[in-house]
Amino acid sequence: MAQRRSWAEPYKIKVVEPIVMTTRGDRDRAIEEAGYNTFLLRSDDVFIDLLTDSGTSAMSDRQWGALMQGDEAYAGSRSYYRLEDAVRDVYGYEEFIPTHQGRGAEHILSQILIEEGDVVPGNMYFTTTRFHQEYAGGRFVDVIIEEAHDPASPHPFKGNVDLAKLSALIEEVGAERIPYISVETNVNMAGGQPLSMANLKETYELCRKHGILLMLDATRALENAWFIQQREEGYQEKSVKAILHEICSHSDGATVSSKKDNLVNIGGFLALRDPKLAGRARDLLVAFEGLHTYGGMSGRDMEALAAGIYEMVAVDDHVRARIGQVQYLGEILMKEGIPIVQPIGGHGIFLDAKAILPDIPQAQFPAQALAAALYVDAGVRGMERGVVSAGRDPTTGDHRYPKLELVRLAIPRRVYTQAHMDVTAESVVAVTEKSDAIPGLEFTYEPDELRFFRSRFRPVVGSG
Ligand code: P71
């Protein structure tokens, strides 16, 4: 297609949902009631909701039309077969196992492959993924390249696996203790950073040499495909559809949260090549998720998902506009001198809270404090991605202190306009200018598992 000077969304708006700006007093009250945790805010108290890009996309008129065609048969639903076709066509895996969302697929995969004492390497942890690996008796080991832990590194493929780290791990624990490596596309916790096709291929070759499976977390593989097209030699002329297919060809299977790339509000799947392994997955599926022809989805969910999978790859302009909007926000912030993770990622902007709040020690949760302050300023809701999200080490019980202490502003797909991005940028600038006034936080309640979701805090007296 001919290159244009600028991009525009390849759609126009048919339905709108009103949102309301609250007062500063309302927001002060709301954040205190929420224990300074943006997960505990009511969405009615939020103006621009950048908590997550998960399940928050706007569906198209075609997807809404598809909902009406859902076949709600308990067994053998027509909608299941349509979805299976979509996954085979677009992702290229033969065996399709529907789940209620991504973590349902992670649960099943971890249970069928991991045994007590096993080691599961991955290119940076994701919260639910690592939870399920540990819950199944495994130990997660990070094998992402060092650049990924440095917010300022401009490396074009910060999601790459460090093959030296992986080889050393294989040497240390033995290949028989490593059932699979979990390779995430467009690594979420690194800032939405892609891995290159060349790196994925090499990783797959190394794994095959040792009899280790390679399982993708293909949740944001479409966004990764876009970056490969933009940045990797030899891919400029290929469609994102072809690139996505090629990504999956270098793996033995994938878990997918369909709440992201796939443009639906709920759903997910596990996809595999090996029919024997798929059989074991289906045995567990019927106990934990639902019958193997619906997982945890209704027939209408499966119809909307099948339509979403085809739609995301129908034209490259879809993902170009999606990532273009993220870049628009990131470029304003960079011009204003706000420290954000470089390069600008695929699904959101990640503010470097350590750099913005250098006087708050990491044990007082700078990113949590920054997310709360940003909400109070103008009703923009982001998410902490730092020490609170990282949780405690299961053996020592101490906080895990990640190098990255970030606030994520995740952009839902097809939901907000450039004006919303402008308002968000202005608020980030305003909060950064007054950052001296932001206090550190301490726990008043800390859940045992995945603590970031429901933990509560109060300002540390005398700080800020
Ligand atoms: C995101 C989410 C949703 C979320 C999950 C846990 C804590 C906070 C927010 C979910 C992902 C993901 C990747 C790479 C698997 C899941 C789980 N992301 N892999 O970014 O990003 O999928 O939510 O459908 O169960 O806000 P699920």
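Described below are features of the structure shown in this document.

Rules and cut-offs
- Residues numbered from 1 in each chain as written.
- Predicted model: local features only at pLDDT ≥ 70, side-chain atom pairs only at ≥ 80, totals over all residues.
- Heavy atoms only, no water.
- Near = heavy atom within 4 Å.
- Polar contact = N/O pair within 3.5 Å; in protein donor to acceptor, adjacent residues only side chain to side chain.
- Areas by Shrake-Rupley, 256 points an atom, 1.4 Å probe, with all protein chains shown as cover.
- Helix = DSSP H or I, 4+ residues; strand = E, 2+ residues; numbered from the N terminus.
- Buried < 20%, exposed > 50% of the residue type's maximum accessible area, 1.4 Å probe, protein only.
- Contact = heavy atoms within 4.5 Å.
- Disulfide = S-S within 2.5 Å.
- Axes fitted to C-alpha atoms, helices over the stretch in contact; angles between N-to-C directions.
- Parallel < 35°, antiparallel > 145°, perpendicular 65-115°, else oblique.
- Left-handed = near helix turned anticlockwise from the far one by under 90°.
- Nonpolar A, V, L, I, M, F, W, Y, C, P; charged D, E, K, R; others polar.
- Pairing = 2+ DSSP bridges.

### What about the site of the ligand?
- Taken together, 23 residues sit near the ligand, with Thr52, Arg103, Asp217, Ser257 and Arg408 positioned nearest.
- Gly102 has a polar backbone atom sitting 2.9 Å from an oxygen atom of the ligand.
- Arg103 is positioned with one of its side-chain polar atoms (N or O) 2.7 Å from an oxygen atom of the ligand.
- Across the complex, the protein chains shield 97% of the 550 Å² of accessible surface that the ligand would expose by itself.

### Side note on the side chain of Asn186
- Among the structural elements, Asn186 can be located in the loop between β5 (180-184) and α7 (197-210).
- Among the residues examined, Asn186 registers a relative accessible area of 0% and is labelled buried.
- Among the polar contacts made by the side chain of Asn186, one reaches the main-chain carbonyl oxygen of Gly192 at a distance of 3.2 Å.
- Apart from residues lying up to four places away in sequence, Asn186 is in contact with Gly192, Gln193, Pro194, Arg220, Glu223, Asn224, Phe227 and Gly346.

### Some details on helix α5 (residues 127-135)
- Across the nine residues of α5, seven count as buried, placing the element largely inside the fold.
- Taken together, the buried positions of α5 are occupied by Thr127, Thr128, Thr129, Arg130, Phe131, His132 and Gln133.
- Following α5 by one or two positions, Gly137 adopts a phi angle in the positive range, close to 100°.

### Regarding the state of the cysteines
- As enumerated under the stated definition, the model contains zero disulfides in all.
- In this model Cys207 remains outside any disulfide bridge; the closest cysteine sulfur is found in Cys248, 16 Å from its own.

### Comments concerning the packing of helix α8 (residues 221-231) against helix α9 (residues 240-249)
- At a minimum axis separation of 9 Å, α8 and α9 run at an interaxial angle of 110°. Taken together, the axes of α8 and α9 are roughly perpendicular relative to one another. As for the relative orientation of α8 and α9, their crossing is right-handed in sense. Here α8 contributes Ala221, Leu222, Asn224, Ala225, Trp226, Ile228 and Gln229 to the contact with α9, which in turn contributes Val240, Ile243, Leu244 and Ile247.
- Of the residues contributing to the contact of α8 with α9, the split by class is nine nonpolar, two polar and no charged.

### With respect to the environment of Tyr235
- Tracing the sequence through the fold places Tyr235 in the loop between α8 and α9.
- A distance of 2.8 Å separates polar atoms of two side chains, one belonging to Tyr235 and the other to Glu246.

### Let's talk about the sheet that holds strand β12 (residues 406-410)
- What the three strands build is an open sheet, ordered β9-β12-β11; its pairing is antiparallel. Every interior strand has two partners, whereas the edge strands, β9 (348-352) and β11 (383-385), have only one. The mean angle between the axes of side-by-side strands here comes to 30°, regardless of whether they run parallel or antiparallel.
- Bridge count for β9 against β12 is five bridges, and the pairing is antiparallel. Following the sheet pairing, Asp352 is matched in β12 by Leu406.

### A word on the packing of helix α12 (residues 316-335) against helix α16 (residues 418-433)
- Closest axis-to-axis distance for the α12/α16 pair is 10 Å, and the angle between their directions is 30°. When the axis of α12 is compared with that of α16, the two are roughly parallel. Once α12 is placed against α16, the crossing between them reads as right-handed. On the side of α12, the interface is formed by Gln325, Tyr328, Leu329, Ile332 and Leu333, while α16 contributes Gln418, Met421, Asp422, Thr424, Ala425 and Val428.
- For the contact of α12 with α16, the per-class residue count stands at seven nonpolar, three polar and one charged.

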